[in-house]
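Structure at a glance
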Number of protein chains: 2
Amino acid sequence: MKVWYTDEIVDATPVISSRVRLARNIKKYPFLVVISPEQSKLLVEEVETALGSHFTPISLAGKNDIEKRGMLERHIVSPEFLKINKPKGLMLQSDERICVMVNEEDHIRIQTISPGDGIDTAWDTANKVDDLLEESIQYAFDKDYGYLTSCPTNAGTGLRASFMVHLPMTERTGNIRGLLPAVSKFGMTLRGIYGEGTEPLGHIYQVSNQVTLGKSEEDIVNGLKTITSQIIDNENKLREKAMSSIRLEMEDQFFRAYGTLTHARKLSGKEAMELLSAVRLGYLTQTLNVPKPGKTLYEIMMSIQPGSLQSAAGRELDENERDVFRASYLRGMFKK
Amino acid sequence: MKVWYTDEIVDATPVISSRVRLARNIKKYPFLVVISPEQSKLLVEEVETALGSHFTPISLAGKNDIEKRGMLERHIVSPEFLKINKPKGLMLQSDERICVMVNEEDHIRIQTISPGDGIDTAWDTANKVDDLLEESIQYAFDKDYGYLTSCPTNAGTGLRASFMVHLPMTERTGNIRGLLPAVSKFGMTLRGIYGEGTEPLGHIYQVSNQVTLGKSEEDIVNGLKTITSQIIDNENKLREKAMSSIRLEMEDQFFRAYGTLTHARKLSGKEAMELLSAVRLGYLTQTLNVPKPGKTLYEIMMSIQPGSLQSAAGRELDENERDVFRASYLRGMFKK
């Protein structure tokens, strides 16, 4: 299968992608805080063996900081994983739809991504990887508490399911302010594109479950689906309303964004994400009748983040150089 | 000769155009305030006869408000002239370089325009028209006070000479604030593109003499030249400095302006003038390497004013319709 973010479906609706993460620990090893380097090494080997030839182990030792940052931007690894100073492992499938981190906060973090509204696929896939691992590994499991995890907030199902959603109209109308508390009430959370504590960029948010304990996996996924579909319904309604009441202003915004994207000589990440957000909405509403770029907008959005950008440049760039390279990269992307 | 604003020289330096205005009154008629409609009619006929076949009389009676506003925007008539409710006359040459208003504030207002830094040409031309009129008309003239005018501030030479200048860097750097008092000290004044009480649009200013009495025509014109050349030197220096110290930011600004001009679906007059100002500077510094429009930027600037725009549309447009038509007109202008 092709890399998930190259699938056109990531640009087709407000739902960019669906993700599932399972936190697992192996019974015979102590948790991350106390695990020794030797045990960590054995742990990594054990997981690699269990996953067998289905995955390519990625050596982080061979990656420089820029490449690591790029992996973070592509959601292959977590910021926490990069910080850990013990032997750790990363297994990835070439379509980047499944990655397994070994010795992250938990011994094993299975992560699956599907383009668009593909949470069932992501969930199925995660389950299959989970089953594959269980064939040779004994998880730390308690019949009352479920899967035991390094941090108790992940115990129980060890499941975090999430949708990456593009909510330009919810943000533009200020509806986003009411959304956060509403989502919280249902044990869900709304965060920026790069997770906790990061600013939302390009009006992109992650909706995910907060609670992992005391609910079945099915309840968690279904609850997330319900909440997200309400968020998306609302976004769609706001968009339709705007497209009928202030159509011209909307079109003006899309075309201006496109004009700036295709002409600017300097673009900060924040501004570029806002412009791409407007262009995405322009294509989605079929009012921005200009040729689409060769990549999906979501892939472009990831490509202009600092790590990916410097990887593309093949060298470290300071902020100013990045802004210049980003503008040049974007002009190239949208070149007729 | 071609219409003055179609000459490429209007875009080539900060000096867009040079103008000379001579205020004259005919001895045998009373000033505007007291002149009767019958006398006004005779006055208009007399001036038309004196100018003979060199000019085309323009009938204002046949013009609607939109067309009149367009003439104002092209500097053919003054706002005061349009307001006068007595018989009045307008004579124009087809290149719009000479126009004569009859029964404006004074009986006769000779106005000459030259593209770029052509004040000597404008002054020569005005003198020739003045001589032509004097062949058959006796001016109200006092050997001590010079030419007598309806308003004493114009008495003496009756001369107002002015330069239309584009000062984006002087404005951007805030230098413009110090310029007004400096210019005043020399009996000169700095006003917006459409004269007294109008906001400067697109960083375009008129520098003109304030004082008409007690100085020779030559002194007035030379004084204006000196002041203007200092203003222009300063603008050029500021531009060169910026183009070496913040070249990229400048280029970014030019290209963004071009991107917006060629893509926006709605543009207010104020914003469009600012964008055209940036594009003018981009061409002038030879950094905006995109095809030039078929018209001079200064002609485009005049064409997007409300009157000219509605003339082009062939009907009245409200503000919102104008903004949409303006954006569409500008996209057409810059179409590759």
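The structure under discussion appears in the preceding block.
Below is a summary of the structure that appears in this document.

Conventions we followed
- Residues numbered from 1 in each chain as written.
- Chains lettered and ligands numbered in written order.
- Predicted model: local features only at pLDDT ≥ 70, side-chain atom pairs only at ≥ 80, totals over all residues.
- Heavy atoms only, no water.
- Contact = heavy atoms within 4.5 Å.
- Buried area = accessible area lost by both parts, 1.4 Å probe.
- Salt bridge = Lys/Arg side-chain N within 4 Å of Asp/Glu carboxyl O.
- Least-squares fit on C-alpha atoms with pLDDT ≥ 70 in both.
- Helix = DSSP H or I, 4+ residues; strand = E, 2+ residues; numbered from the N terminus.
- Expected span 1.5 Å × (residues − 1).
- Buried < 20%, exposed > 50% of the residue type's maximum accessible area, 1.4 Å probe, protein only.
- Polar contact = N/O pair within 3.5 Å; in protein donor to acceptor, adjacent residues only side chain to side chain.
- Axes fitted to C-alpha atoms, helices over the stretch in contact; angles between N-to-C directions.
- Parallel < 35°, antiparallel > 145°, perpendicular 65-115°, else oblique.
- Left-handed = near helix turned anticlockwise from the far one by under 90°.
- Nonpolar A, V, L, I, M, F, W, Y, C, P; charged D, E, K, R; others polar.
- Pairing = 2+ DSSP bridges.

1. Comments concerning the interface of chain B and chain A
- Contacts between chain B and chain A engage 17 residues on the former and 17 residues on the latter.
- Carbon and sulfur atoms make up 58% of the area that chain B and chain A hide from each other, which totals about 1,600 Å².
- Three residues stand out in chain B for area buried against chain A, namely Arg256(B), His263(B) and Arg265(B), and they jointly supply 39% of the buried area on that side.
- Across the contact surface, chain B and chain A share four salt bridges.
- Here Lys266(A) ties to Glu249(B) by a salt bridge, and the two come within 2.8 Å at their closest N and O atoms.

2. Considerations on the relation of the copies chain B and chain A
- Structural alignment of chain B on chain A gives an RMSD of 0.0 Å, achieved by rotating through 180 degrees and translating 0.0 Å along the axis. Look at the turn and shift together and you get a two-fold axis relating the two. Distance from the rotation axis, computed per C-alpha, reaches its smallest value in chain B at Gly259(B): 2.1 Å.
- When the interface residues of chain B are mapped onto chain A, 100% of them are again interface residues, pointing to one common binding face.

3. A word on helix 9 (residues 269–284) of chain A
All names here are of chain A.
- The terminal C-alpha atoms of helix 9, which comprises 16 residues, lie 22 Å apart, in line with the 22 Å expected from a rise of 1.5 Å per residue.
- Buried residues dominate helix 9, accounting for twelve of its 16 residues.
- Of the residues making up helix 9, those classed as buried are Gly269, Ala272, Met273, Leu275, Leu276, Ser277, Ala278, Val279, Arg280, Leu281, Gly282 and Tyr283.
- Immediately beyond the C-terminal end of helix 9, within one or two residues, lies Gln286, with a positive phi of roughly 55 degrees.

4. Overview of unusual backbone geometry
Residues and elements named next belong to chain A.
- The residue Glu96 is not glycine, and still its phi comes out positive at about 55 degrees.
- On the secondary structure map, Glu96 appears in the loop between strand 3 (89–92) and strand 4 (98–102).
- In the Ramachandran plot, Asn103 falls in the positive-phi region, its phi being about 65 degrees despite a non-glycine side chain.
- Mapped onto the secondary structure, Asn103 falls in the loop between strand 4 and strand 5 (108–115).

5. Looking at the side chain of Ser303(B)
Residues and elements named next belong to chain B.
- As for its position among the elements, Ser303 is in helix 10 (residues 297–303).
- Given a relative accessible area of 13%, Ser303 falls into the buried group.
- There is a polar contact of 2.6 Å between the side chain of Ser303 and the backbone oxygen of Glu299.
- Residues in contact with Ser303, not counting those within four places in the same chain, are Ser308, Leu309 and Tyr329.

6. Remarks on the packing of helix 8 (residues 247–261) of chain A against helix 9 of chain A
Residue and element names in this part refer to chain A.
- Remark: helix 8 packs on helix 9, axes separated minimally by 8 Å, with the N-to-C direction vectors making an angle of 130 degrees. It follows from the interaxial angle that helix 8 and helix 9 lie oblique. Crossing handedness for the pair helix 8 and helix 9: left-handed. Seen from helix 8, the contacting residues are Met250, Gln253, Phe254, Ala257, Tyr258, Thr260 and Leu261; seen from helix 9, they are Glu271, Leu275, Leu276, Ala278, Val279, Leu281, Gly282 and Tyr283.
- Tallied by class, the residues present in the contact of helix 8 with helix 9 amount to eleven nonpolar, three polar and one charged.

7. Description of the sheet that holds strand 3 (residues 89–92) of chain B
All names here are of chain B.
- If you walk across this open sheet you meet the eight strands as 2-3-4-5-1-8-10-9, and the pairing is antiparallel. Two strands close off the open sheet at either side, each with one partner strand: strand 2 (56–57) and strand 9 (188–192).
- Seen against the sheet, helix 1 (residues 37–51) touches strand 2, strand 3, strand 4 (98–102) and strand 5 (108–115) and runs at an angle of roughly 155 degrees to strand 4.

8. Comments concerning the pairing of strand 8 (residues 159–166) of chain B
Residue and element names in this part refer to chain B.
- Of all the eight residues making up strand 8, eight are buried; the element is thus mostly covered by neighbouring parts of the structure.
- Side chains Leu159, Ala161, Phe163 and Val165 project from strand 8 onto one buried face, and the interleaved Arg160, Ser162, Met164 and His166 project onto a second face that is buried too.
- With seven bridges joining them, strand 1 (residues 15–24) and strand 8 adopt antiparallel strand pairing. Within the sheet, the bridge partner assigned to Leu22 lies in strand 8 and is Leu159.
- When strand 8 meets strand 10 (residues 204–209), the two strands line up antiparallel, connected through five bridges.

These results come straight from atomic positions and should not be treated as a statement about function.
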